[in-house]
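Understanding the architecture of this molecule
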Amino acid sequence: MGQVIFFAVLTLILIVAGFFVPVAGFFALMLCPLPLAVCACGEGHKKAAFAEIIVEAVLLLAISPTMALYFLLGCAPLSGTILILSESKKYKSSENYLICVAVSIVSKLFVMFVFWMFTGKNILLPDANAVKILMSQIYGNDREIKNLLNQVLIIFPKMIPAILILFSSLEAFLNYSLCNVLVKKFYPSKKHPEDFPAFTSWRFPKSLMTVLFFALMIGYFTDFDDHPDLAMFAINLQILINFIMYAEGFSLIFWFMNRYKFNKIFKSLGGILLLFFPFLWAWVIIMGMCDNVFNFREKLSGSCNLKK
């Protein structure tokens, strides 16, 4: 019983933080499915179901029916999917991940539809004034940042497809990988999700560069006023490919750090810089694109082997 209450309370803390805590709450909301996924893998289906009932009851009766509905429709399906994939061992980790992303996207779309039916509002659209206040607190009164933010807020509603896919991709990755780590650590005799390949070996198909070129050409030759839908399709596609190239560039940088034996402090500082300082993002994306085309890791590893 103690384990059930622990996982239920942890889930409640994450979902409440996700709705009320700025910045950190964004990641807390992503991790809402994790406690129940770990509970299901480690403690069993019945205890996980009981924990979910406790969470739903507390949210519905004591905190917010909106949160209860979001958790039921938007978070619980991913927890169940991770459990099913952990037990089946039928697919590779990459296939499991894509299934989790698909479940996350479908569940979020369903949440959007239900909230739109009842409120007439898109739950994924942020409060523009709240975003401006938050960004001014983080970056100060930088005029360039303010102008960029205003432009983003104007086109943000049409960027929902890319944002939804990115959110679901990150949510699925965090919950799947952390569930894997936690179950192996605290429940070593239980079945856990398949391991991902090492982060430093992440590379993506070269065909993505063709897709990016296609999206850039559409954006270049399409007038936004005459064909707004086609132009926004190109923008959404560019956002997705840039995010993937960012992940590959990030992986390449950590591969170099491992190769030249950087210590954990430098790796941690490097990770923080690359994640939270926007002026570095473009360089990471460019590195990812170059690695995607030229495969630096294979070439450098090959040259090292020849020298030996």
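Residues numbered from 1 in each chain as written. Predicted model: local features only at pLDDT ≥ 70, side-chain atom pairs only at ≥ 80, totals over all residues. Heavy atoms only, no water.

With respect to the secondary-structure elements, K90 resides in the loop between α5 (65–88) and α6 (93–119). Sequence-wise, K90 and E194 are 104 residues apart; in three dimensions their C-alpha atoms are separated by 9.8 Å. (Helix = DSSP H or I, 4+ residues; strand = E, 2+ residues; numbered from the N terminus.)

Time to look at the pattern of salt bridges. Within this structure, the stated rule accounts for 6 salt bridges. Across the salt bridge formed by E43 and K47, the nearest N and O atoms sit 3.5 Å from each other. By relative accessible area, K47 is classed as partly exposed at 31%. D291 serves as the salt-bridge partner of R203, at 3.5 Å between the closest nitrogen and oxygen. With a gap of 88 residues between them, R203 in the loop between α9 (160–186) and α10 (207–221) and D291 in helix α13 (residues 281–294) connect regions that are remote in the sequence. Under the relative-accessibility criterion, R203 is labelled partly exposed at 30%. A residue is classified by how much of its surface remains accessible, and D291, at 0% relative accessible area, is buried. Sharing partners across several salt bridges, the network here consists of R203, E248, D291 and R297. (Salt bridge = Lys/Arg side-chain N within 4 Å of Asp/Glu carboxyl O. Buried < 20%, exposed > 50% of the residue type's maximum accessible area, 1.4 Å probe, protein only.)

Another aspect to go through is the packing of aromatic side chains. According to the stated counting rule, one finds 20 aromatic pairs in the structure shown. Ring geometry for Y97 and F196: centres 5.7 Å apart, planes at 75 degrees, overall edge-to-face. Highlighted residues: Y97 in helix α6 and F196 in the loop between α9 and α10, separated in sequence by 99 residues. Aromatic rings pair up to connect Y97, F173, Y176, F196, F199, W202, Y246, F250 and F254 into one cluster. Its end group placed over the ring of F186, K185 keeps NZ or CZ at 5.9 Å from the ring centre. (Phe/Tyr/Trp six-rings, centres within 6.5 Å; stacked < 30°, edge-to-face > 60°. Lys NZ or Arg CZ within 6 Å of the ring centre and 35° of its normal.)

Such coordinate-based values are descriptive only and should not be taken to indicate function.
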